[in-house]
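# Analysis of the macromolecular model
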Amino acid sequence: MSSFKVLLCASAVAMAFCGSSYAQMVDGSYMGVGQGKNGDITVQVDIKTGKIANIVVVKHGETPMISDIAIKEIPAVIVKDQRFPDNVSGATLTSEGIRAAVADAIKKAGGDPALFAAVSVPVKTSDKIVKDEADIVVIGTGASGMAAAVRSETLGAKVILLEKMPTIGGATALNAGTLIATGSRYQREVMKELGDSPELAAKDIFRAGKNRNDPVLVKMVTERVGSVVDWLIDDMKIPYGPAATQYSDHSASRQLGVTGRSVNFLNLMREKYLGMGGKLMMETRAEELIRDDAGQIVGVRATMKDGSTLDVKSKAVILASGGYGAVKSMLPKEMSNYVFYGLDSETGDGYRMGTEVGADTINMDLVKMYPQGVETVSGRGLAATASSTDTMKKSGAIYVNRNGKRYVNERGPLGEITDKTVLQPDHIGYIVMDAKAFKEYVAKSLEDRLVQNEATILGWGDIVNNGYPVLAKSDDLKTAAKKMGIDPAGLEKTVTDWNKLVKVGKDTDFNRPITGGLAEGPYYIVEQKVRYQTTLGGLRANGNMQILNKDGQAIPGFYGAGCVVGGMQGADSMTAMMNSWAIVSGFVAAESAVAAIK
């Protein structure tokens, strides 16, 4: 949402109802609970003289940065207008959770939440045109856009950075902030990895991407990422270290993680950008790329928060606007079988703007999927991949299908686990844990701020999708299986067979490294649904991140970075590669654009 709409009672009759609702509420402080994206949101609502006097969000597990504006502004607007406001764009589920929590408190105070429903009076759109100019305009503030903006500024360019949302970060704010260190000083000197190379990294990338990768982009990333990592660590002082979870997709020790996850990376890069004099315009939605008579991109037309039109004249544009995962009509039909975990703001704006000026596209049928989603909100998958992966490394937990049978090496590459999960009945798997394994699952979930506490995870047992809960707990394995819709006899046999393999010390079924078996109950079973967010297709680019037309020629003045550009990942990506691609492509796009305009 670009701004909160003016919220008024529709008529004198409505005002009368409003007054009666206030009179019904008893003064005092009331706690209310509502369902957010990542779990319960708890608020305290203070009632004075029959009206809402104050609202405080006292507990939540929502994603930092993405939820911040909703948590700050929605309670303030409710207090000011005594009405529920519209959702904050990009934080729909958080917004709904806060409203539900306040409604719960209103009921406890003796009021009727329905009488606080918003009546929106349309705000007249401004017809004002604002003009500005810069050397480079960057569209989007995810990892690719921030990298492009900061690098452009360090090279002496005047930059304007546009973001349509009220917060920076885009989909990057959802990830852990990992990237590969191939060829960097840090990898050699700190990680002591001397066996890695651009060629080995490329081999891994092509394997994961099922050879549908654009070789030009793969070569660029694997050869440039080392110097980009050195720039981030040595020059920008971004606090990277070895990633907390090392995934088996990689053939060398190369996975880095940033302290504080991507939220910290984004905030630090924003500080760097603004500190160098960069201009950041929030809630400003790019609508159109401006071309001159020769077809060169010479600026951007955007819509500002107040409805004004912004025309920015520039020498180059770097499009870093993200993907289109939230637009079902643009996705392959099979994605309807899986759960979305991204942002409502992933609407393909950049794809539309690029194709309108003649950009070619690649791999539009491909979407990045993960195997361990947990559907805590209908149609939405909580990103619990790290929780499941860490549990498999530290315990004897197993994955089974609806028949109760193991179907994959639980410690294999994520792409393989995804592909095998897709093939199971109803495209779903289950992680089966004993008490020790569940302790690891909870610990990782808390470390990653996936949930507020263990009680939130246990509460998944009360969430029912298609007749079965998200989680089942029981001292008896068969009882837990029956609750989840898993064949009880099949699961019991599988666990018995698995424990026999553990005693022998070799997994002859799937060649998984042995890390323990499953003890006696209590047992915990959690669904593992295929989830998606990131689109792998997009505009076509060359190794300088220039966007290409359908004849394979670079469109003058037009560069791309991150998910709006397709091809690098192929049909799938290794862990850390989406973020690596975003940052490296943004860095290279900036260097190419600055070199071209000098």
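Report on the accompanying structure. Nothing here was measured: the structure is a model prediction, and the numbers come from that model.

## Comments concerning the overall build of the protein
- A count of helical and extended segments in the protein gives 16 helices and 27 strands.
- For 598 residues, the compact-globule estimate of 2.2 N^0.38 gives 25 Å, and the protein sits close to it at 25 Å.
- Once the C-alpha set of the protein is aligned to its principal axes, its extents read approximately 70 × 70 × 40 Å.
- Considering the protein as a whole, with its 598 residues, one finds that 58% of them fall into the buried category.
- Once local pairs closer than 6 in sequence are excluded, the contacts in the protein between residues at least 24 apart make up 71%.
- When the 68 basic and 67 acidic side-chain charges of the protein are each reduced to a single mean position, those positions are 1 Å apart.

## What to know about a nonpolar patch on the surface
- Together, Met31, Val56 and Val58 make up an exposed nonpolar region whose accessible area comes to about 220 Å².
- Take methionine 31: it is sitting in strand β2 (residues 28–35).
- Classification of methionine 31 by relative accessible area gives partly exposed; the value is 36%.

## Here we look at empty space enclosed by the protein
- Within the structure shown, the criterion is met by four cavities of 30 Å³ or more.
- If you add up the space inside the largest cavity, you get close to 120 Å³.
- Lys37, Gly90, Ala91, Thr92 and Leu93 are the residues nearest the centre of the largest cavity, which is lined by 14 residues in total.
- Considered class by class, the residues forming the lining of the largest cavity number four nonpolar, six polar and four charged.
- In this structure, the second largest cavity encloses a volume near 70 Å³.
- Around the second largest cavity sit Ile66, Ser89, Gly90, Met165, Thr167, Ile168, Gly169, Gly170, Leu343 and Ser345, which together line it.
- Among the residues forming the lining of the second largest cavity, the class breakdown is four nonpolar, six polar and no charged.

## Looking at the pattern of salt bridges
- Enumeration over the complete set of coordinates arrives at 36 salt bridges.
- Residue arginine 254 pairs with aspartate 204 through a salt bridge whose shortest N-O separation is 2.8 Å. Taken together, the residues span a long stretch of sequence, with arginine 254 in the loop between β9 (240–242) and β10 (255–258) and aspartate 204 in helix α6 (residues 198–208) at a distance of 50 residues. A single burial state applies to arginine 254 and to aspartate 204, both of which are buried.
- A single network of salt bridges, built from pairs that share partners, joins Lys131, Glu288, Arg301 and Asp311.

## With respect to the side chain of glutamate 346
- Counting through the fold element by element, glutamate 346 comes out in the loop between β15 (339–340) and α9 (349–356).
- Salt bridges are absent for the buried glutamate 346, whose nearest opposite-charge side chain, arginine 380, sits at 7.4 Å.

## Quick notes on the packing of aromatic side chains
- Under the definition given, this model contains seven aromatic pairs.
- Arranged with centres 3.8 Å apart and planes meeting at 0°, the rings of phenylalanine 438 and tyrosine 524 form a pair that is stacked. Residue phenylalanine 438 is located in helix α12 (residues 435–447), and its partner tyrosine 524 is located in strand β24 (residues 523–535); the two are separated by 86 residues in the primary sequence. Comparing phenylalanine 438 with tyrosine 524 shows no difference in burial state: the two are buried.
- It is arginine 531 that lies over the ring of tyrosine 341; its NZ or CZ is 4.3 Å from the centre.

## Describing the nonpolar core
- Membership of the largest hydrophobic core comes to 91 residues, with the highest contact counts inside it found for Leu232, Tyr240, Phe265 and Ile318.
- With 11 residues, the top contributor of residues to this core is helix α16 (residues 577–597).
- Not counting the four nearest positions on each side in its chain, phenylalanine 265 is found in contact with Ala143, Leu232, Ile238, Tyr240, Val258 and Ile583.

## Some details on the packing of helix α4 (residues 143–154) against helix α8 (residues 261–275)
- α8 packs onto α4 with a crossing angle of 25° between their chain directions and a minimal axis gap of 9 Å. As summarised for this structure, α4 and α8 are arranged roughly parallel, according to the angle between their axes. Crossing of α4 over α8 shows left-handed handedness. Judged by residue contacts, Ala143, Met146, Ala147, Ala149, Val150 and Glu153 of α4 engage Phe265, Leu266, Met269, Arg270, Lys272 and Tyr273 from α8.
- Among the residues forming the contact of α4 with α8, the class breakdown is nine nonpolar, no polar and three charged.

## So, the pairing of β10
- Burial along β10 is two-sided: the face carrying Gln255 and Gly257 and the face carrying Leu256 and Val258 are both buried.
- Taken together, the three bridges between strand β8 (residues 178–180) and β10 define a ladder with antiparallel strand orientation. Across the sheet, isoleucine 180 pairs through a bridge with glutamine 255, a residue of β10.
- The pairing of β9 with β10 spans three bridges and is classified as antiparallel. Within β10, the residue paired with tyrosine 240 across the bridge is valine 258.

Rules behind the numbers
Residues numbered from 1 in each chain as written. Predicted model: local features only at pLDDT ≥ 70, side-chain atom pairs only at ≥ 80, totals over all residues. Heavy atoms only, no water. Helix = DSSP H or I, 4+ residues; strand = E, 2+ residues; numbered from the N terminus. Rg over C-alpha atoms; globule rule 2.2 N^0.38 Å. Buried < 20%, exposed > 50% of the residue type's maximum accessible area, 1.4 Å probe, protein only. Contact = heavy atoms within 4.5 Å. Lys, Arg positive; Asp, Glu negative; His and termini not counted. Charge placed at Lys NZ, Arg CZ, Asp CG, Glu CD. Patch = residues over 30% accessible without salt bridge, like charges linked within 9 Å, V, L, I, M, F, W, Y side chains within 5 Å. Areas by Shrake-Rupley, 256 points an atom, 1.4 Å probe, with all protein chains shown as cover. Salt bridge = Lys/Arg side-chain N within 4 Å of Asp/Glu carboxyl O. 1 Å grid on protein atoms, 1.4 Å probe; cavity = no way out; pocket = protein on both sides within 12 Å on 5 of 7 lines; lining within 4 Å. Points joined across faces, edges and corners; volume = space filled by probe spheres on them. Nonpolar A, V, L, I, M, F, W, Y, C, P; charged D, E, K, R; others polar. Phe/Tyr/Trp six-rings, centres within 6.5 Å; stacked < 30°, edge-to-face > 60°. Lys NZ or Arg CZ within 6 Å of the ring centre and 35° of its normal. Core = buried A, V, L, I, M, F, W, Y, C linked by side-chain atoms within 4.5 Å. Axes fitted to C-alpha atoms, helices over the stretch in contact; angles between N-to-C directions. Parallel < 35°, antiparallel > 145°, perpendicular 65-115°, else oblique. Left-handed = near helix turned anticlockwise from the far one by under 90°. Pairing = 2+ DSSP bridges.

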